[in-house]
Amino acid sequence: MLIVIPNVLSPGALEDIHDVLNPEDLIDGRTTAGWHAKQVKANRQLSPKAPYGQKIKDIVQTALWSNPLFQCAVQPRAIHTLLFSYYDSGMTYGSHVDNAFMGQGEQRRRADVSFTIFLSHRESYQGGELILEQSDGDRPYKLDAGSAIVYPSSTLHQVAPVQSGIRWASVGWVQSLVRNPAHRELLFDLDTARRSIFQSQGKTLEFDLISKSHANLLREWSD
Ligand SMILES: O=C(O)CCC(=O)C(=O)O
Ligand SMILES: [Fe+2]
């Protein structure tokens, strides 16, 4: 299941990030890519040494943990490995799949779900679409600044070359409480259905039964 979350970052949060991001703090993007992805990753990203890095990671974390659609669809256990990536003219990230695990030792987390939050205004650069390679063809996504695309980490994907302008994005991964994407989708549908029943008819027997199924399946399928 792919979901697009419009305005996951408020205009204020976006401005706070734009105010500090500085191209002087960039390093080669290949430093964090898996050994095969290194061959096709040609971008830059914010250095872990940037003094404001933690502050802007916190802004993104807060926005995602307080977004009801993200919570409901993704069921995060941990939102991890946040990166701020940068592409200018000619930069690209070729077809790859994200690593299953990221981090070392106690910090090691599974990547079940990947996300990109677009940070640059889409008219300000040409190219730079995130392309998800689906069984029925390649699907390009280029969203408004502050909006996110969220997709299973099992998906092959790429970032089309930027032709002009600058593309900043915040990318990261989620270890979900529910590792199976089909289970996450089923839980999401049940949750959506029961909320719709609650809104139109209140706490009916149908609402209670769907809530019971939702809670019990979540117990069954979470790790
Ligand atoms: O910048 C993006 O939209 C995605 C980047 C990406 O695929 C990655 O960092 O693994
Ligand atoms: Fe990726």
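Residues numbered from 1 in each chain as written. Chains lettered and ligands numbered in written order. Predicted model: local features only at pLDDT ≥ 70, side-chain atom pairs only at ≥ 80, totals over all residues. Heavy atoms only, no water.

Going by an unreviewed UniProt entry, the chain carries the name Fe2+-dependent dioxygenase and comes from Lyngbya confervoides BDU141951.

Chemist: Can you break down the UniProt feature "domain: Fe2OG dioxygenase" (unreviewed entry) in the chain residue by residue, with the values?
Modeler: Under the feature "domain: Fe2OG dioxygenase" (unreviewed entry), the UniProt entry names residues 78-176. In residues 78-176, the share of helix is 0% and the share of strand is 61%. The end C-alpha atoms are 7 Å apart. (UniProt positions renumbered as here; feature names shortened; annotations may be inferred. Helix = DSSP H or I, 4+ residues; strand = E, 2+ residues; numbered from the N terminus.)

Chemist: Break down the packing of helix 1 (residues 11-20) against helix 2 (residues 53-65) for me, with residues and values.
Modeler: Two numbers describe how helix 1 lies on helix 2: the axes approach to 10 Å, and their chain directions differ by 160°. Considered as vectors, helix 1 and helix 2 are oriented roughly antiparallel to each other. Considering the relative orientation of helix 1 and helix 2, their crossing is left-handed. Seen from helix 1, the contacting residues are A13, D16, I17 and V20; seen from helix 2, they are I56, I59 and V60. A per-class count over the contact of helix 1 with helix 2 returns 6 nonpolar, no polar and 1 charged. (Axes fitted to C-alpha atoms, helices over the stretch in contact; angles between N-to-C directions. Parallel < 35°, antiparallel > 145°, perpendicular 65-115°, else oblique. Left-handed = near helix turned anticlockwise from the far one by under 90°. Contact = heavy atoms within 4.5 Å. Nonpolar A, V, L, I, M, F, W, Y, C, P; charged D, E, K, R; others polar.)

Chemist: Describe the coordination of the iron ion (ligand 2), with residues and values.
Modeler: Within the protein, the iron ion (ligand 2) binds to H96 (NE2), D98 (OD) and H157 (NE2); these donor distances fall in the range 2.1 to 2.2 Å. Look at where the donors of the iron ion (ligand 2) fall in the sequence and you get H-x1-D-x58-H. D98 shares its class with H96; the two are buried. (Donors = N, O, S within 2.8 Å, 3.2 Å for Na, K, Ca; no water. Buried < 20%, exposed > 50% of the residue type's maximum accessible area, 1.4 Å probe, protein only.)

Chemist: Before we move on, can you summarise the sheet that holds strand 13 (residues 148-152) with the specific residues and values?
Modeler: Within the open sheet, the 7 strands sit side by side as 1-13-9-16-5-4-2. Their pairing is antiparallel. Only two strands of the sheet have a single neighbouring strand rather than two, namely strand 1 (3-5) and strand 2 (26-28). Across the sheet, the mean angle separating the axes of adjacent strands is 30° when strand polarity is ignored. With 5 bridges joining them, strand 9 (residues 113-118) and strand 13 adopt antiparallel strand pairing. Following the sheet pairing, F115 is matched in strand 13 by V150. (Pairing = 2+ DSSP bridges.)

Chemist: Before we move on, can you summarise the side chain of Q75 with the specific residues and values?
Modeler: Considering the arrangement of structural elements, one finds Q75 in the loop between helix 3 (68-74) and strand 5 (76-87). Each residue touching Q75, except ones within four places of it in the same chain, is listed here: F70, Q175, S176, L177, V178 and L218.

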